[in-house]
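Notes for the structure review
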Amino acid sequence: MPIATPEVYNEMLDRAKAGKFAYPAINVTSSQTLHAALRGFAEAESDGIIQISTGGAEFLGGQHSKDMVTGAVALAEFAHIVAKKYDVTVALHTDHCPKDKLDGYVRPLLAISEERVKAGQNPLFQSHMWDGSAETLADNLAIAQELLERARAAKIILEVEITPTGGEEDGVSHEINDSLYTTVDDAIRTAEALGLGEKGRYLLAASFGNVHGVYKPGNVVLRPELLKELADGVAAKFGKASPFDFVFHGGSGSTEQEIATALENGVVKMNIDTDTQYAFTRPVVDHMFRNYDGVLKVDGEVGSKKTYDPRTWGKLAEAGMAARVVEACANLRSTGTKIK
């Protein structure tokens, strides 16, 4: 069962919440980065989440057409085949999708899974993200209600981002300021609009100072203890303990203590992109610098095919990214927790 069924995905999230660990959610942009993520999970004996952003899907669609749906579907279908060779279970997820890209990304992908489910199959993706952080909370939640209903019917979990994450990702950017902290009122309004499971399961990307990208220490002030305040505030009003499955966005460069606090307060998924991008690219740069006269035809020479063969430096890139995924599993306490 390399790609999680809807039932298994729910079990994965329940196990993470009960065990106070989280799954690394690794962004991929190619078949090679997909293999690197799968390899890292397998080496850590951890299940995990593999995700594709709008920009990643556009890249996967090829630079001739740049079609996001084609790119996402193609990699998902590829994952369903190659993941069988890895002894772990993974869920497929689509990352940040703002309002202007819903019709070109999430809604068509939902339609594909709806048809699959009607035919007695499992959905192609196990979860989709709606990023309404640039909208008013009222508009954000109205769209989330529509998407959650469709997702539930297709046996898919929805992820929602209700307040901004700082920095920039795939063209969506927010300033780093006091708006990067979700309030208890925001959380209560979310529960009122989306329910607490009875209308469909959703993951909540609440903001506690998160910023996409990597910043030097001191530039970003994370308050993961805020997640407990949000959960307690909603629990007091609705009478349901630990009401949310939280997602940690903008986690690259976070301290071990910040991650640990987030896990204690209900985070079950942590997005990792910037750090794995660097881990993938760094070995390639090293190879190119060390083999300058081999990868280039310098001074009229012919170079060395063995050094510029993409398989040579590609294997190094895969190993580097896989090692970073193993590290992420250790940080998030998911190492050794795979479903047997």
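The paragraphs below set out a description of the structure included in this document. Since this is a predicted model, take the numbers as computed values, not measurements.

Concerning the packing of helix α10 (residues 274–290) against helix α13 (residues 310–331)
Between α10 and α13, the least distance of the axes is 8 Å, while the angle of their chain directions is 145°. Seen along the crossing, α10 lies across α13 with a hand that is right-handed. Mapping the contact onto sequence places Asp-275, Thr-276, Ala-279, Phe-280, Pro-283, Val-284, His-287 and Met-288 in α10 and Thr-312, Trp-313, Leu-316, Ala-317, Glu-318, Gly-320, Met-321, Arg-324 and Val-325 in α13. In the contact of α10 with α13, the residues fall into 10 nonpolar, four polar and three charged.

Side note on the pattern of salt bridges
Taken as a whole and judged by the stated rule, the model has 20 salt bridges. A salt bridge links Asp-14 to Arg-201; its shortest N-O distance comes to 2.9 Å. With Asp-14 in helix α1 (residues 6–19) and Arg-201 in the loop between α7 (184–194) and β8 (202–205), the pair connects residues that are 187 residues apart, well separated along the chain. Across the pair Arg-39 and Glu-43 runs a salt bridge, and its minimum N-O distance is 3.0 Å. A residue pair is termed a helical-turn pair when its members lie 3 or 4 positions apart in one helix, as Arg-39 and Glu-43 do in helix α2 (residues 31–44) at four residues. Residue class for Arg-39 comes out partly exposed when judged on its relative accessible area of 28%. Look at Glu-43 and you get partly exposed, because its relative accessible area is 49%. In this structure, a network of salt bridges that share partners links the residues Asp-14, Lys-17, Arg-201 and Asp-245.

Description of the sheet that holds strand β4 (residues 127–131)
In space, the eight strands of this closed barrel follow the order β1-β2-β3-β4-β5-β8-β9-β10, with parallel pairing throughout. For this sheet, the mean inter-axis angle between neighbouring strands, taken without regard to orientation, is 25°. When β8 meets strand β9 (residues 245–248), the two strands line up parallel, connected through two bridges. Note on β9: the bridge partner recorded for Leu-203 is Asp-245.

Examining the environment of Cys-329
With respect to the helices and strands, Cys-329 occurs in helix α13. A C-alpha to C-alpha distance of 34 Å links Cys-329 and Lys-237, two positions 92 residues apart in sequence. When sequence neighbours within four positions are dropped, the list of residues in contact with Cys-329 reads Pro-24, Phe-41, Ala-44, Ser-46, Ser-334 and Thr-335.

A closer look at the side chain of Asn-140
Relative to the assigned elements, Asn-140 resides in helix α6 (residues 137–153). Judged by relative accessible area, which is 0%, Asn-140 ranks as buried. Side-chain polar atoms of Asn-140 contact the side chain of Trp-130, separated by 2.9 Å. Among the polar contacts made by the side chain of Asn-140, one reaches the main-chain carbonyl oxygen of Glu-161 at a distance of 3.0 Å. Aside from chain neighbours lying at most four places away, what touches Asn-140 is Trp-130, Gly-132, Ser-133, Glu-135, Glu-161 and Ile-162.

With respect to the nonpolar core
Within the largest apolar cluster, 83 residues are counted, with the highest numbers of intra-cluster contacts made by Phe-41, Ile-50, Tyr-105, Val-160, Phe-244 and Phe-246. Among the elements that take part in this core, helix α4 (residues 68–82) stands out by supplying eight residues, more than any other. The residues touching Phe-41, leaving out its near neighbours within four places in the chain, are Pro-24, Ile-26, Ser-46, Asp-47, Gly-48, Ile-49, Ile-50, Val-88, Val-90, Val-325 and Cys-329. Ala-16, Tyr-23, Ile-49 and Leu-203 belong to the second largest nonpolar core, which has 16 residues in total.

Definitions and cut-offs
- Residues numbered from 1 in each chain as written.
- Predicted model: local features only at pLDDT ≥ 70, side-chain atom pairs only at ≥ 80, totals over all residues.
- Heavy atoms only, no water.
- Axes fitted to C-alpha atoms, helices over the stretch in contact; angles between N-to-C directions.
- Helix = DSSP H or I, 4+ residues; strand = E, 2+ residues; numbered from the N terminus.
- Left-handed = near helix turned anticlockwise from the far one by under 90°.
- Contact = heavy atoms within 4.5 Å.
- Nonpolar A, V, L, I, M, F, W, Y, C, P; charged D, E, K, R; others polar.
- Salt bridge = Lys/Arg side-chain N within 4 Å of Asp/Glu carboxyl O.
- Buried < 20%, exposed > 50% of the residue type's maximum accessible area, 1.4 Å probe, protein only.
- Pairing = 2+ DSSP bridges.
- Polar contact = N/O pair within 3.5 Å; in protein donor to acceptor, adjacent residues only side chain to side chain.
- Core = buried A, V, L, I, M, F, W, Y, C linked by side-chain atoms within 4.5 Å.

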